[in-house]
Amino acid sequence: LTLDPLIGAISAGNTVVIKPSELAPACSSLLSSTIPLYLDNKAVKIVEGGSDIAQELLQQQWDKIFFTGSPRVGRIVMSAAAKHLTPVTLELGGKCPVILDSYSGSDLKSAVKRIAGGKWGPCAGQACIGIDYLLVQQKLAPVLIESLKRCIKRFYGDNVQNLQSICRIVNKNHFDRICNLLEEPGVAASIIYGGSLDRENLMIEPTILLDPPLDAQIMTEEIFGPLLPIITLDKIEESIDFINARPKPLAIYAFTNDKKLKDRILQETSSGSVTFNDTIIQFICDALPFGGVGQSGFGRYHGKYSFDTFSHEKGVLHRSFFPELEPRYPPWNDFKLEFIRLAYNFDYVGLLLHLLGLRRLFIPNRAR
Amino acid sequence: MAAGAEGVAEDLRSAYAAGKTRPYEWRVSQLEALLKLTTRHEREIVEALRSDLNKPEYESVIHETVGVSSACELALKELHQWMKPEKVKTTMVTYPSSAQIVSEPLGVVLVISTWNYPFSTLSLGPVIGAIAAGNAVVLKPSEVSPATSSLLSKLLGEYMDTSAVRVVEGSVLETTALLEQKWDKIFYTGNGKVGRVILAAAAKHLTPVVLELGGKSPVVVDSNINLKVAARRMISGKWGGNSGQTCVSPDYVITTKEYASKLVDALSCEIENFYGKDPLQSNDLSSIVNSRHFDRLINLLDDETVSGKIVLGGQRDKVKLKIAPTVVLDAPKDSPIMNEEIFGPLLPIITVNKIEDSIRLISSKEKPLAAYLFSNDKKLKEEFITSVSAGGMVINDTNLHLVEPNLPFGGVGESGTGSYHGRFSFDAFSHKKAVLQRGFTGDIAARYPPYANWKIDFLKSLFSGNLIGVLRALFGW
């Protein structure tokens, strides 16, 4: 997220300033001390700091700004960019849904592993393409939930004090934000697994909720944490309308082998990307452009797209002095006008006839 | 009017949500309708352009209606291809999988167009792209060209599916109201000042924007060229395009001190061939669009540091709003004519000692929408192309890159962002959605916790395509 844009900018021949997030201070500091040892620091600079530094940077004129973060700050960045007509790429987030069709047996097991891995694997849910919530048919929910619970215990442990292989919440602010999501009326009551908190270590147990109220914040804002709401539907096809009623997400994950459903998801929903039968992995497929749409952002990168994002594609037309086309030049008359019109339409026969003055014989009225 | 903008946006959103604009058939029907109205009503369009700009019939047809017809025809021919998902090769990293990039419409888009080519690919080109890409679209024509604005509103109202394609006329008030609505893309053609306003409004809704602005497009004229042809092409690009009121018009010329007088003579000779001894009487020259712009241009010319440097032309007719093709030699660097986009029939020539100095001169100014070079010197051409940053370039001609649909047309820096024309118009109004298909075979334990060193080694090797490393990690070698 930080270094891929840097790679793109450098390969496209730009000078670059990176402002890493102050919320990850150790990494910010490491970048700041390490990059100058390896890269040409006349052309690549790291500027550390918080929002005041960011504001100062935004007052300067840049030829491009690449921002990864929340829509709220995305608006601030774009407004600042507007003053200098600076083009921007905004990699934002959203509520990335998983649609789980009817799977059973080993397919369900694999799906559940990928869902668990896609929810709690990336930074305990604090990832733009992390799964936010899950949609499943009501009658399949119990089997899914049991399978998920088993998987969570196997991957991460079953006690908030002994969690393994999982990140903590980045800071107290975000910890409290996530806890507040759980405290809304109706939400706490919908917790069916987990929910334990360790404030001292900023750890939250992988938590599953079943059908929390749809107007609660946990269902209207990007969770960005280890809470997984499961929303049950009568028919899995209803997931399409459910998703469309909400802002366009960065990714949609759909576990299904039903070709009709796949086609409907592709045609009728809009998202940065769609992955069938897996989660997160589209991120490492460099041949695919990575980016959002609508509230999840615009612009794209990864692989060659990173290079392109920091490039201007300049159209260059080479002409020679010969031949010259007299009808281009004034004084204009009907002959010249007709000539250019015919040339534009590649009407070579018409052109020849026109040049020989014979066209009127064949096409007396200029019919189109 | 404010309620009007909201109502229009809502109507179009409903039409889009209902899937009206997605099918291939709908897009084709709309492109065909646009083609029909352009060709059937060419007379009226020419008259409206005469009324708004005193535009010669030749320009109205060749620069406006023919361009629109060609763009429609190209879209109709290529639409199937454009709409097809693009298959993409996957690697060992996501094996087994298949991937593609699917083009989908952005939704409901706003096109704000401009007065100098109100019925052309500048104004309707984005509409063609938007429709081809499956969007619902609102067109806000410029109020500075009222006859064409009114005609657009009437004709599109009659021929197009108005549930999804609308024209909203008006000026600042109506535009502001439109900008308060949420759009999925905004396409603006105009100047940098308003471009900033558009971007700031778009920022509130995180709306992506294409800005087709302008700038001072320079022409560098080397020696050892076919000067007569070069002069004719410069004249054609400057005065043959709406009397210099074109975003990619040659704005100023740079040539060597030695060559300047030859260039002025060639220009003088060809201008007389094209427009006669008294160009103000020629019917082949557009007028200035209104008295505000006329006065602006006269002020540039009558500036005390510039007026003594006119070497050609300078005549003006305030009643007809016409200014003769005018050439100024070596206006001072800090004069207004050398610091703002001229957008009119005045052509400053700046002389340098060596032609290579022109590159530094150009680079000291804001990036223009276009840059032109007349030269037969291969080294100079290469240096020009690599060192001068501009939206687009033409070597040994002017303006023509606009009509090449295989070239992206757009600006950079102050001259704008984004591009269009041909397939690029379709792409400008599409979201390219990445789609990855996976199956359940070949699920690798290395992905899942509990994490272990061998899993890290395995995945590291996999990502870098190191097959040996993969095997070593798997078998613990």
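Note that this is a predicted model, so its numbers are computed, not measured.

Engineer: What am I meant to see in the overall build of chain A here?
Structural biologist: Tallying secondary structure elements over chain A gives 14 helices and 15 strands in all. Taking 21 Å as the expected radius of gyration for a compact globule of 368 residues, we find that chain A reaches 28 Å, considerably beyond that expectation. Reported as C-alpha extents along the three principal axes, the dimensions of chain A are approximately 90 × 55 × 35 Å. Residues counted as buried form 49% of the 368 residues belonging to chain A.

Engineer: Is there a simple way to think about the overall build of chain B in this case?
Structural biologist: Along the backbone of chain B there are 16 helices and 20 strands. Based on the C-alpha atoms only, the size of chain B along its principal axes is roughly 85 × 55 × 35 Å. Charge-centre separation for chain B: the mean point of 52 positive side chains lies 7 Å from the mean point of 53 negative side chains.

Engineer: Sorry if this is basic, but what is going on with the interface of chain A and chain B here?
Structural biologist: When the parts come together, some accessible area is lost, and that loss is often what is quoted as the size of the interface. Chain A puts 85 residues into the contact, and the matching count from chain B is 96 residues. Both sides together, the interface formed by chain A and chain B hides about 7,400 Å², and carbon and sulfur atoms give 60% of it. Area buried by chain A at its contact with chain B is led by Leu85(A), Phe321(A) and Trp332(A), which between them contribute 12% of it. Linking chain A to chain B there are eight salt bridges. Notably, a salt bridge pairs Glu324(A) with Arg232(B), separated by 3.6 Å at the nearest N-O pair. At the surface where chain A touches chain B, the tally comes to 35 residue pairs in polar contact (both at pLDDT 80 or more). The set of elements that each furnish at least two residues to the side of chain A that touches chain B consists of helix H4 (71-83), helix H5 (105-119), helix H6 (141-156), helix H10 (259-268), strand E13 (273-276), strand E15 (315-318) and helix H12 (334-344) of chain A.

Engineer: Whenever I open this one, empty space enclosed by the protein confuses me. Can you help?
Structural biologist: The rolling of a water-molecule-sized probe over the atoms marks out the regions of remaining empty space. Residue and element names in this part refer to chain B. Following the criterion strictly, the structure yields two cavities of 30 Å³ or more and no others. Quantified by volume, the largest cavity comes out at close to 40 Å³. Split by residue class, the lining of the largest cavity holds four nonpolar, four polar and three charged. In this structure, the second largest cavity occupies an estimated 30 Å³ of space. Along the walls of the second largest cavity sit Lys-238, Gly-244, Thr-246, Ser-249, Pro-250, Asp-251, Glu-341, Ile-342 and Phe-343, which together make up its complete lining. A class-by-class count of the residues in the lining of the second largest cavity yields three nonpolar, three polar and three charged.

Engineer: In this structure, what is going on with the pairing of strand E6 (residues 133-137) of chain A? I would like to understand it.
Structural biologist: A regular strand places its side chains on the two faces of the sheet in alternate fashion. Residues and elements named next belong to chain A. The element E6 is largely enclosed, with a buried count of five among its five residues. Covered by surrounding structure in E6 are Tyr-133, Leu-135 and Gln-137 together with Leu-134 and Val-136, the residues of both alternating faces. Where strand E5 (residues 97-100) and E6 come together, four bridges link them in parallel fashion. The residue bridging Val-98 from the neighbouring strand is Leu-134, located in E6. In terms of handedness, the path from E5 via H5 over to E6 forms a crossover that is right-handed.

Engineer: Could you clarify how one ought to interpret the domain arrangement of chain A in this entry?
Structural biologist: The domain boundaries assigned to chain A delineate domain 1 (2-93 + 306-310), domain 2 (97-288) and domain 3 (326-361). Spacing between the C-alpha centres of domain 1 of chain A and domain 2 of chain A amounts to 30 Å.

Engineer: Teacher, can you tell me more about the UniProt feature "domain: Aldehyde dehydrogenase" (unreviewed entry) in chain A here?
Structural biologist: UniProt marks residues 6-314 of chain A with the feature "domain: Aldehyde dehydrogenase" (unreviewed entry), using the numbering shown here. For residues 6-314 of chain A, the end-to-end C-alpha separation is 22 Å, with 36% helix and 17% strand making up the annotated structure.

Engineer: Help me understand the pattern of salt bridges, please; the structure alone is not making it clear to me.
Structural biologist: Once the charged atoms of two side chains with opposite charge are near each other, the side chains can pair. All names here are of chain A. Per the stated rule, a full pass over the model turns up 40 salt bridges over all chains. Asp-263 is the partner of Lys-259 in a salt bridge, and the nearest nitrogen-oxygen pair spans 2.9 Å. Of the two residues, Lys-259 and Asp-263 are both situated in helix H10; the distance of four residues between them amounts to about one turn of the helix. By relative accessible area, which is 31% here, Asp-263 ends up partly exposed.

Engineer: Which parts of the structure should I look at to understand the sheet that holds strand E3 (residues 108-112) of chain B?
Structural biologist: Strands belonging to one sheet form pairs held by backbone hydrogen bonds; the direction of such a pair is parallel or antiparallel. All names here are of chain B. With respect to topology, six strands assemble into an open sheet ordered E5-E4-E3-E6-E7-E18, the strand pairing being mixed. Where the open sheet ends on each side, the last strands, each with one partner, are strand E5 (165-167) and strand E18 (416-417). Note that E3 and strand E4 (residues 136-140) share five bridges and pair parallel. Within E4, the position partnered with Ile-112 by the bridge is Lys-140. Against the sheet, helix H5 (residues 124-132) makes contact with E3, E4, E5 and strand E6 (185-189), and its axis sits at roughly 170° relative to E4, the strand it touches most. Along the sheet face, helix H7 (residues 172-180) touches E3, E4 and E6 and points at about 155° away from the line of E3.

Engineer: I tried to follow helix H15 (residues 453-463) of chain B on my own but got confused; where do I start?
Structural biologist: What sets the pattern is the α-helix's 3.6 residues per turn: residues three or four places apart point alike. Residue and element names in this part refer to chain B. Taken as a whole, H15 has its buried residues at Lys-455, Phe-458, Ser-461 and Leu-462. Along the axis of H15, the buried residues cluster in a sector spanning 135°; they form a single face. Facing away from the buried side of H15 by more than 90 degrees, the exposed set consists of Asn-453 and Lys-460. Looking at the buried residues of H15, the elements they touch are helix H16 (467-475).

Engineer: Just to check I follow, could you spell out the state of the cysteines for this structure?
Structural biologist: One covalent bond between the sulfur atoms of two cysteine residues makes up a disulfide. In this structure the tally under the stated criterion is zero disulfides over all chains. Here Cys128(A) stays free of any disulfide, with the sulfur of Cys96(A) as its closest cysteine sulfur at 7.3 Å. With a relative accessible area of 15%, Cys128(A) lands in the buried category. Its sulfur unpaired, Cys247(B) is 19 Å from the next cysteine sulfur, which belongs to Cys72(B).

Engineer: Quick question: what am I supposed to make of the environment of Leu213(B) here?
Structural biologist: Relative to the elements of secondary structure, Leu213(B) occurs in the loop between strand E7 (209-212) and strand E8 (217-221). Leu213(B) sits in the buried class, given a relative accessible area of 1%. Leu213(B) sits 208 residues away from His421(B) along the chain, and the two C-alpha atoms are 15 Å apart. Filtering out sequence-adjacent residues up to four positions away, Leu213(B) remains in contact with Leu85(A), Tyr188(B), Gly190(B), Asn191(B), Gly192(B), Gly195(B), Cys247(B), Leu369(B), Glu414(B), Ser415(B) and Gly416(B).

About the thresholds
- All residue numbers refer to position in the chain's written sequence, counted from 1.
- Think of it this way: whatever chain is written first is A, whatever ligand is written first is 1, and the rest follow in order.
- A pLDDT threshold of at least 70 governs which residues receive local features in this predicted model, and a stricter bar of 80 or more applies before side-chain atom pairs are shown or counted, although totals over entire chains, interfaces and linings include all residues.
- Calculated side-chain values reflect all of the structure's heavy atoms, with hydrogen atoms and water omitted.
- To qualify as a helix, a DSSP run of H or I must reach at least 4 residues; to qualify as a strand, a run of E must reach at least 2; elements of each kind are numbered from the N terminus.
- Only C-alpha atoms enter the radius of gyration; for comparison, a globular chain is expected to reach 2.2 Å times N to the power 0.38, where N is the number of residues.
- Three labels apply to residues, based on accessible area from a 1.4 Å probe with only protein chains included: buried if under 20% of the type maximum, exposed if over 50%, partly exposed otherwise in between.
- In summary, the charge assignment counts Lys and Arg as positive and Asp and Glu as negative, without counting His or the chain termini.
- The location of each charge is read from NZ of Lys, CZ of Arg, CG of Asp or CD of Glu.
- The criterion used for residue contact is that any of the two residues' heavy atoms lie within 4.5 Å.
- Two parts lose some accessible area (1.4 Å probe) when they are put together, and adding that loss for both gives the buried area.
- Only one rule defines a salt bridge in this text: a Lys or Arg side-chain nitrogen within 4 Å of an Asp or Glu carboxyl oxygen.
- Here a polar contact is recorded for every N or O atom pair within 3.5 Å, except that within protein the pair must consist of a potential hydrogen donor and a potential acceptor, and residues adjacent in sequence are included only if both atoms are side-chain atoms.
- A cavity here means a set of points on a 1 Å grid, drawn over the protein atoms and nothing else, where a 1.4 Å probe fits but cannot get out; a pocket is an open set with protein on both sides within 12 Å along at least five of seven lines, and a residue lines either one if it has an atom within 4 Å of a point.
- Grid points are joined across faces, edges and corners, and a volume is the space filled by probe spheres set on the points.
- Amino acids are sorted into nonpolar (Ala, Val, Leu, Ile, Met, Phe, Trp, Tyr, Cys and Pro), charged (Asp, Glu, Lys and Arg) and polar (every other residue, Gly among them).
- By definition, two strands form a pair when at least two bridges between them are found by DSSP.
- Here the term right-handed applies to a crossover when the path leading from its first strand over the helix to its second strand runs clockwise, the strands being oriented away from the viewer.
- Segment limits for the domains were obtained from an automatic or database-derived domain assignment.
- UniProt positions are given in the numbering used here, feature names are shortened, and annotations may be inferred rather than shown by experiment.
- In this analysis an axis means a line fitted to C-alpha atoms, helices contributing only their contacting stretch, and an angle means the value between N-to-C directions, from 0 to 180 degrees.
- Each C-beta atom gives one direction from the helix axis, and the arc is the one those directions make.
- The disulfide criterion used throughout: a pair of cysteine sulfur atoms within 2.5 Å.

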